[in-house]
Amino acid sequence: MAHTRVEFKVLGPLAAVADGRVLPLGGPKQRTLLAMLLVNANTAVSGERLCDAVWGEAPPASAQANIRSYAAVLRRVLSPAAGAGSGQGSGQGSGEERLSQGNGGYRLQVFPGEADLHRFEVLAARGRAALAAGEHRAAADALEEALALWRGSPFEGVAHHDALLGEVARLEEARLTAFEDHAEARLALGEPRELIGPLRAETARYPLRESLWAKLMTAQYRSQQPGDALQSYALARTALRDELGIDPGDALRKLHHAILTRDPELGAPSAAAQPVRPADAWQPTVQVPSDDADFVGRSRLLERVSALIGPSGRRPGSTTPCAVPVVILTGLPGVGKTALATRLAHHLRADFPDGRLFLHLDGTRGPQRTPGAILANLLLSLGVPGSSVPEATEDRAALYRSLLADRKVLVLLDDARDEAQIRMLLPGTPGSAALVTSRARLAGLTDAHLIDVDPFDDEESQDLLRRIVGPQRLAAEPEATGRILAACAGLPLALRVAAARLAGRPDWQVRRLADRLADERGVLAELTVGDLAVRTCVAASYHGLAPDAARAFRAIGLLPAPEFPGWALSAALADPASPGTSAGTGHELAADRATDALIDANLVQIESLTGQRQPRYRMHDLLHAYAAERALADEPESWRRAAVARVLDGWLARVRTAGDQLIRRGTGGHAPGAAGDLVGWLESERTSLVTAVGFAAGAGYGPQTAGLAAALEDVCHLRNWWDEWEHVARAALDRATADGDPVAVAVAQGSLARACAVRGRVDDALTRYAGAIAQLDALGEQHHAARLRIHRSFAIADRGMAELAHGDAASAAAVMNRLGDKHGHVMALRSLGFALSCQGRDAEAVAALEPAVATAERLGHPLALADVLQLLAWAEIGRGRAERAARHLHRALAEYRALRHRPGEAYALLALGRMHAETGSPGQAAWALAPLGQAAAIFAELGERRGEALTALWLGSTHAALGDGDHAVSRLTTALNGFRSLRMPFWAARARQELDRLRPPAGPAGR
């Protein structure tokens, strides 16, 4: 059962208390025995050591027997306290366990918190740790609690032989150390007067302890008693000379000199810095601006900051209370930091009844205000006459903190520039708190809570617009309202300006402002009303940047999008004409430093880390518009175009690497420029790649546009990026047309034709293919023309145009062989084999494909090899050679899976299912269901409509062979509809035939 608590007291007269009752501990020897056991609590003490403690060097012959007798008496005394004598047995906490005897000697069990000695040591250690961490209030409280446990001298009333004398001396030294630590903490808190009496008492008891004299002299000087402090030094010097024949040490002499010279570093306020009014004359001062009537959102932030800054606020990463909580609200320009801080100051008025001060520090405008000037204004606002404001900044800070001491005041420091500007403005005693807003992150204030204020989410943005403009007006034009919200991108200042403009022009339709905001080049000019302007707000941060960071800011304005990878900014800044950028990593290091400066200024945020731990950054849309403005105004056109070209060339190099990896190694390749996942890199950069092409096309970078579009073609095809493919191809076509480049026009038309074909727009694809191939033939561009013939052949072979496909593939194979393009030759033979197979000429298809297998193996292109093996298996199935087909398919599947190439894997599974379905045996047909089911799932995941239709066809045939007519009809109907939408008449006819065999002929009523 649970033990009964016994309080063992040794820091004064020895005593034991249980249930409020003082236990009878017996005579002196018995008490000495208990004292020795308490000093060694929970540890076995031998009989010999106990004899030494009780009798010293001359124990009687019966000493061991007497020890046993004393122990038995103590055991009986402690037994009722633990409940052992109540007839409840000898459970936990019994007298036997409190004081037990074994081979090792006697052991007294003391539970945590029962002995005042142990509680003192825990509290003293906690106080020392807090003092070392600068947490003076926590240190003072813990040490005061520790010292309160002392009721006199340790083990008072117990005979002290050698065994206890050492412990008594140790405890007395521990008490003195705790006392000095407590005095140091109280001095740091500005509470010297209360220390003078206790320090005088201790110096009287220990006149040779110089550290005590130093504390007493400091307390006296800081209490405006310099004469008493000098007298205390004289007393210390006399005691040391009389007792030891020495003078005070260096530390005490230096303190004496500092008092004589009134050294300001000693921390005593000068005469001019004395408070000019008594404490009871304090009048609460409220300086915070009025709260916004249309304040919206931020409920979680309000709750979080209120908890941090209130009386129970905690130090970051700690469970101990902060002496003075400090919260820093940081975020990009116009995000609403001041509005949030003002709302908090009003919300917390009950927690800070003695005042709420507000200082706007102009951190981003004009020359920096010095702490001394700010402190002077603060003191004047707190009622200190101008003649009483000290000259020295340190004295002003001391007076400011003394005025706030022991009061509950919230200090709101708005728009701080850096840490140095605000350190002296922070309150110094518990009860008060500081709330800081800054565009900089102020990471140097390590004890502060740093809170990022993010832009509004969609709901908060709409709420702010509705409150100012009115819900009915916005609801009448939801599309235009959505465009305004998108243009403002959650920036509260921008939303407030847009709403104010609409509120000021009730005659305007919402669409009118939305149209004006649609032009990125003019959006900042539109977001201005009265003295509110987004451009002005952002400009203040921009003009505070160092030159290198400012150029980096402008360079980001040149990038295709506000989101960008770290290497892109490095490329933009890698100007060979600039000093220090010619070295390989010099410009990268400079770009990193500039990026860090922009992050610290909250002009750029880290958006994410890619799978390769490469950073991606984001600049708010409106900041990006301003950066573009500054780049246009401040950078020469030659530098701007060269910077953009370097970024686009960087994209091109990376996309070419990615495309080559996909062709050679499939999705198992590595990301360009890093050891990581290729697919992860491609998907993370998917939007950026497409945006880069569109930007290059629109900005007149013809070669980069054509290069990116060509490099992305295989990527889009192999990753099933159908929408992106068409967008890129159209952008390339527009740029080539504008540049008057006939080859680039034809190549872009061919890419667009290929994209149309995979989406089932066969007529459009054929028209574009025909025009592009004819133009390239006329220009003598055999290689480009052969590539397009390969793609056209593969696109039309199973769409009822196998003869034209055969001609294209044969012609392309001859050209590629003549030009020495081995990979192109493999692709041409692949198309040729497919065309022959679609014509029912499977033996000829095998003859064309087998050399392609050998060439792909020699080239080391596993993806091309797998593609050819899959088509070779398809032809072998047509010839009825299932064993060979299975061998090819299993090999192709292994390659596809090793490369993580999902489309290829699905088509190989489809071929495997077809092989089982066409054996003619129901047992064999049943084996088709598993691979066909897997293929269907992959095709559905990829959105590959052609594969879905083909899989549905053979699933229907398999169900028919198994006698499952309902499932067969369902699958075949799906296949028929798919083939019709994809313009694949050959396969549509086959699905129709399968359905006709399953359905009985319709009678007259059914026709």
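Please read all numbers here as calculations on a predicted model, not as lab measurements. (Residues numbered from 1 in each chain as written. Predicted model: local features only at pLDDT ≥ 70, side-chain atom pairs only at ≥ 80, totals over all residues. Heavy atoms only, no water.)

Asker: How would you summarise the overall build of the protein if you had to cite specific residues and measurements?
Answerer: Each helix and strand counted, the protein has 46 helices and 16 strands in total. Residue burial in the protein is summarised as follows: out of 1007 residues, 51% are buried. When the accessible area of the protein is evaluated, it comes to approximately 43,400 Å², of which 52% is carbon and sulfur surface. (Helix = DSSP H or I, 4+ residues; strand = E, 2+ residues; numbered from the N terminus. Buried < 20%, exposed > 50% of the residue type's maximum accessible area, 1.4 Å probe, protein only. Areas by Shrake-Rupley, 256 points an atom, 1.4 Å probe, with all protein chains shown as cover.)

Asker: Explain the pairing of strand E4 (residues 99–102) to me, using residue names and the numbers behind them.
Answerer: Both E4 and strand E5 (residues 105–108) contribute to a ladder of four bridges, which runs antiparallel. Bridging across to E5, Gly102 finds its partner in Gly105. What sits between E4 and E5 in their antiparallel hairpin is a turn of two residues. (Pairing = 2+ DSSP bridges.)

Asker: I'd like a rundown of the nonpolar core, residues and numbers included.
Answerer: Residues Leu329, Leu435, Ile484, Leu527, Phe553 and Phe979 are the most contacted members of the largest nonpolar core, which totals 217 residues. In terms of residue count, the dominant contributor to this core is helix H39 (residues 862–878) (12 residues). Discounting residues that sit within four places of it in the chain, Leu329 has contacts with Val305, Lys337, Leu340, Ala341, Leu344, Leu435, Val436, Thr437, Ser438, Ile451 and Val453. Counting residues in each nonpolar core, the second largest holds 70 residues, with Val6, Leu23, Ile67 and Ala124 among its members. (Core = buried A, V, L, I, M, F, W, Y, C linked by side-chain atoms within 4.5 Å. Contact = heavy atoms within 4.5 Å.)

Asker: An account of the sheet that holds strand E9 (residues 409–414) is requested, with residue identities and associated values reported.
Answerer: The strand order E6-E8-E9-E10-E7-E11 describes an open sheet built from six strands, whose pairing is parallel. The open sheet has two edge strands with one neighbour each: strand E6 (285–286) and strand E11 (449–452). Pairing of strand E8 (residues 355–360) with E9, which is carried by six bridges, proceeds in the parallel orientation. Bridge pairing links Leu357 to Val411 in E9. The strands touched by helix H12 (residues 299–309) within the sheet are strand E7 (326–330), E9, strand E10 (433–438) and E11, with E11 carrying the most contacts at an inclination of about 175 degrees. (Axes fitted to C-alpha atoms, helices over the stretch in contact; angles between N-to-C directions.)

Asker: Hey, could you go over the sheet that holds strand E3 (residues 21–22) for me, with residue numbers and the actual values?
Answerer: With antiparallel pairing, three strands are arranged side by side in an open sheet as E1-E2-E3. Bordering the open sheet on either side are strand E1 (6–9) and E3, each of which pairs with just one other strand. Across two bridges, strand E2 (residues 15–18) lies against E3 in antiparallel orientation. The residue bridging Val17 from the neighbouring strand is Val22, located in E3.

Asker: Pulling in residues and values, what's your account of the packing of aromatic side chains?
Answerer: Taken as a whole and assessed by the stated rule, the structure comprises 14 aromatic pairs. With a centroid separation of 4.7 Å and 35 degrees between ring planes, the pair formed by Phe794 and Phe834 is classed as tilted. On the criterion of sequence distance, the pair formed by Phe794 in helix H35 (residues 782–796) and Phe834 in helix H37 (residues 822–838) is long-range, its members being 40 residues apart. Among the aromatic residues, those joined into a ring-pair cluster are Trp874, Trp954, Phe979, Phe986 and Trp987. Above the face of the Tyr701 ring, Arg641 is positioned so that its terminal group lies 4.0 Å from the ring centre. One residue, Arg654, lies across the ring of Trp567, its end atom 3.9 Å from the ring centre. (Phe/Tyr/Trp six-rings, centres within 6.5 Å; stacked < 30°, edge-to-face > 60°. Lys NZ or Arg CZ within 6 Å of the ring centre and 35° of its normal.)

Asker: Please provide a residue-by-residue account of a negative patch on the surface, values included.
Answerer: On the surface, a cluster of negative charge is made up of Glu588, Asp592, Asp596 and Asp600. With respect to the helices and strands, Asp592 occurs in helix H26 (residues 586–600). (Patch = residues over 30% accessible without salt bridge, like charges linked within 9 Å, V, L, I, M, F, W, Y side chains within 5 Å. Salt bridge = Lys/Arg side-chain N within 4 Å of Asp/Glu carboxyl O. Lys, Arg positive; Asp, Glu negative; His and termini not counted. Charge placed at Lys NZ, Arg CZ, Asp CG, Glu CD.)

Asker: Give me unusual backbone geometry: which residues, what numbers.
Answerer: Positive phi, close to 65 degrees, is recorded for Arg298, a residue that is not glycine. A residue is classified by how much of its surface remains accessible, and Arg298, at 7% relative accessible area, is buried. Positive phi, close to 60 degrees, is recorded for Asp415, a residue that is not glycine. With respect to the secondary-structure elements, Asp415 resides in the loop between E9 and helix H16 (419–422).

Asker: Which residues make up the pattern of salt bridges, and what are the values?
Answerer: Enumeration according to the criterion identifies 55 salt bridges in this entry. One salt bridge connects Arg554 with Glu635, and the closest N-O pair in it is separated by 2.9 Å. Here Glu635 lies in the loop between helix H27 (621–634) and helix H28 (637–665) and Arg554 lies in helix H24 (residues 547–558), a separation of 81 residues in the sequence. Neither Arg554 nor Glu635 differs from the other in exposure class; each is buried. A cluster of three or more residues bridged by salt bridges with shared partners is formed by Arg137, Asp141, Arg186, Glu191 and Glu194.

Asker: With reference to specific residues and values, describe the side chain of Glu905.
Answerer: Within the fold, Glu905 resides in helix H41 (residues 902–917). Residues within four places of Glu905 in sequence aside, it is in contact with Leu893, Tyr896, Arg897 and Ile938.

Asker: Let's hear about the pairing of E11: which residues, and what values?
Answerer: Only one face of E11 is buried, namely the one carrying His449 and Ile451, since none of Leu450 and Asp452 on the opposite face is buried. Pairing of E7 with E11, which is carried by four bridges, proceeds in the parallel orientation. Along E11, the bridge assignment pairs Leu329 with Ile451.

Asker: For the environment of Ala487, give the residues involved together with the corresponding values.
Answerer: For Ala487, the location among the structural elements is in helix H19 (residues 478–488). Using a relative accessible area of 17% as the deciding quantity, one classes Ala487 as buried. Once the C-alpha coordinates of Ala487 and Ala518 are considered, the two residues, 31 residues apart in sequence, prove to be 7.0 Å apart. In this structure, Ala487 is in contact with Leu517 and Leu622, ignoring residues within four places of it in sequence.

Asker: An account of the packing of H35 against H37 is needed here, citing residue identities and associated values.
Answerer: For the pair H35 and H37, interaxial distance at closest approach is 9 Å and the crossing angle is 25 degrees. By the criterion of interaxial angle, the relationship of H35 to H37 is roughly parallel. Crossing of H35 against H37: the hand is left-handed. Residues Ile790, Ser793 and Phe794 of H35 lie in contact with H37, whose contacting residues are Gly824, Met827, Ala828, Arg830, Ser831, Phe834 and Ala835. For the contact of H35 with H37, the class distribution of residues is six nonpolar, three polar and one charged. (Parallel < 35°, antiparallel > 145°, perpendicular 65-115°, else oblique. Left-handed = near helix turned anticlockwise from the far one by under 90°. Nonpolar A, V, L, I, M, F, W, Y, C, P; charged D, E, K, R; others polar.)

Asker: Lay out a nonpolar patch on the surface in plain terms, naming residues and giving numbers.
Answerer: A cluster of nonpolar residues, Leu208, Leu244 and Ile246, forms a patch on the protein surface that exposes about 250 Å² of accessible area. With respect to the helices and strands, Leu208 occurs in the loop between helix H8 (196–205) and helix H9 (210–222).

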